[in-house]
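As a plain string of letters, each chain reads:
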Amino acid sequence: MMASDGKGPARGHIDLRDIRVSFMQNGAALDAVSGVTLDVEPGEFVSVVGPSGCGKSTLLNIVAGFLKPSAGKAMVDGKPIDGPGSERGVVFQQYSLFPWLKVRENVEFGLRMQGMGRAERESKARTLLGLAGLLSFENHYPDQLSGGMKQRVGIVRALATGPQVLLMDEPFGALDAQTRVVMQEILTNMWQQLRLSVLFITHDIEESIFLSDKVYVMTARPGRIKAEIPIPLPRPRTPEMTASPTFMALHRQLKALIREESLAAMGGELRDGGLGQDWHLGSQDDVRAVL
Ligand SMILES: Nc1ncnc2c1ncn2[C@@H]1O[C@H](COP(=O)(O)OP(=O)(O)OP(=O)(O)O)[C@@H](O)[C@H]1O
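Residues numbered from 1 in each chain as written. Predicted model: local features only at pLDDT ≥ 70, side-chain atom pairs only at ≥ 80, totals over all residues.

## Describing the sheet that holds strand 6 (residues 88-91)
What the 6 strands build is an open sheet, ordered 6-7-8-3-9-10; its pairing is mixed. Taken across any chain shown, the strands that pair with only one partner, and hence form the sheet edges, are strand 6 and strand 10 (225-230). The average undirected angle you get between the axes of adjacent strands in this sheet is 15 degrees. Against the sheet, helix 7 (residues 245-265) makes contact with strand 3 (45-49), strand 9 (214-218) and strand 10, and its axis sits at roughly 175 degrees relative to strand 10, the strand it touches most. (Pairing = 2+ DSSP bridges. Helix = DSSP H or I, 4+ residues; strand = E, 2+ residues; numbered from the N terminus. Axes fitted to C-alpha atoms, helices over the stretch in contact; angles between N-to-C directions. Contact = placed C-beta atoms within 7 Å.)

## Points about the environment of Leu257
Within the secondary structure layout, Leu257 lies in helix 7. With 20 C-beta atoms counted inside 10 Å, the residue Leu257 sits in the buried group. With 207 residues separating them along the chain, Leu257 and Gly50 place their C-alpha atoms 8.7 Å apart. Setting aside chain neighbours within four positions, we find Leu257 in contact with Val217, Lys226 and Ala227. (Buried ≥ 20, exposed ≤ 12 C-beta atoms within 10 Å, placed from the backbone.)

## Here we look at helix 3 (residues 118-131)
With 14 residues, helix 3 should cover 20 Å at 1.5 Å per step; its first-to-last C-alpha distance of 20 Å lies within 8% of that length. Regarding helix 3, the residues found buried are Arg121, Ala125, Leu128 and Leu129. Projected onto a plane normal to the axis of helix 3, the buried residues spread over an arc of 100 degrees and lie on a single side. Set apart from the buried face of helix 3 by more than 90 degrees, the exposed residues are Ala119, Glu120, Ser123 and Thr127. Where helix 3 is buried, its residues touch helix 2 (103-113) and helix 4 (147-160). Following helix 3 by one or two positions, Gly133 adopts a phi angle in the positive range, close to 70 degrees. (Expected span 1.5 Å × (residues − 1). Arc of directions from axis to C-beta.)

## Quick notes on the site of the ligand
Lining the immediate environment of the ligand, one finds Phe23, Gln25, Ala32, Gly50, Ser52, Gly53, Cys54, Gly55, Lys56, Ser57, Thr58 and Arg221. Mapped by element, the contributors of at least two residues to the shell around the ligand are strand 1 (14-25) and helix 1 (56-64). The element contributing the most residues to the shell around the ligand is helix 1, with 3 residues. Class assignment for the residues of the shell around the ligand results in 3 nonpolar, 7 polar and 2 charged. (Near = placed C-beta within 6 Å. Nonpolar A, V, L, I, M, F, W, Y, C, P; charged D, E, K, R; others polar.)

## Observations concerning the pairing of strand 3
Counted residue by residue, strand 3 has 5 buried out of 5 residues, so it is predominantly covered. On strand 3, burial covers both faces: Phe45, Ser47 and Val49 on one face and Val46 and Val48 on the other are all buried. Summarising the sheet, strand 3 and strand 8 (residues 197-201) pair through 4 bridges and their orientation is parallel. Considered in strand 8, the bridge of Phe45 is made with Val198. For strand 3 and strand 9, the ladder comprises 4 bridges, and the chain directions are parallel. Along strand 9, the bridge assignment pairs Val49 with Val217.

In structure tokens, the structure reads:
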């Protein structure tokens, strides 16, 4: 789905085709992801969820240009990805702000690197800080901000250079539950105004539904696409929607899909969550024998 507020064309098409990534481990090549094909249409918000270690960050690192796939095609707007570029902004879980620079200076950093003049830089940074509700903190240092505020600065900094796509790897993973919900609302509002594509990695099913137009579920390693789930909730998204029957049905569906894979990722040892027929606590003698 394209953002539909009519403020100019949406931007940034991410196109991954049949991606495989192998890493050397203990002298052997092991596939981290295999045969992954995914699409983020211009202006679309797409999340990737899946069990730990299934290759979510690996995919994001390919689109960011930090990692080359072993096989397959990775493209943005039809051009093969060849290293990092200013048309792709990245936000990680760690805030990665420069502690010696004030908030606005942090946001202006990339623009300064691009050679933009001082007045234009300042105006752009202030507009984006305003959008994120941070204008009154422009002269604070990162240390003086809460975790949620730091991450908002991180998002604004990634957006400042005008990327076509925003890549977010568990951006709210370090925040408490309340702050996280507020951040999701701020992000969805900013995204709707900016009309850029987002590839969002998360462990949080509710977060993926609330934010996305579409959610990809990955299998346990080697990561493949297990399912592509469209999210037909209207925009703008509101917190009340999380109680709607559609939201709850999607939640159940995604939870079941991920649970299967999380158990597979644990080697099947904990089928039924460790409480079913396949798993039993041995007798006292068995336990003593092991000890
Ligand atoms: N540089 C590397 N060298 C070797 N193996 C790696 C490397 N980077 C990642 N891997 C392996 O590739 C697999 C996928 O890792 P990745 O970090 O992409 O998973 P993830 O789904 O993002 O995990 P999590 O949800 O725990 O963050 C893992 O098994 C990991 O150990």
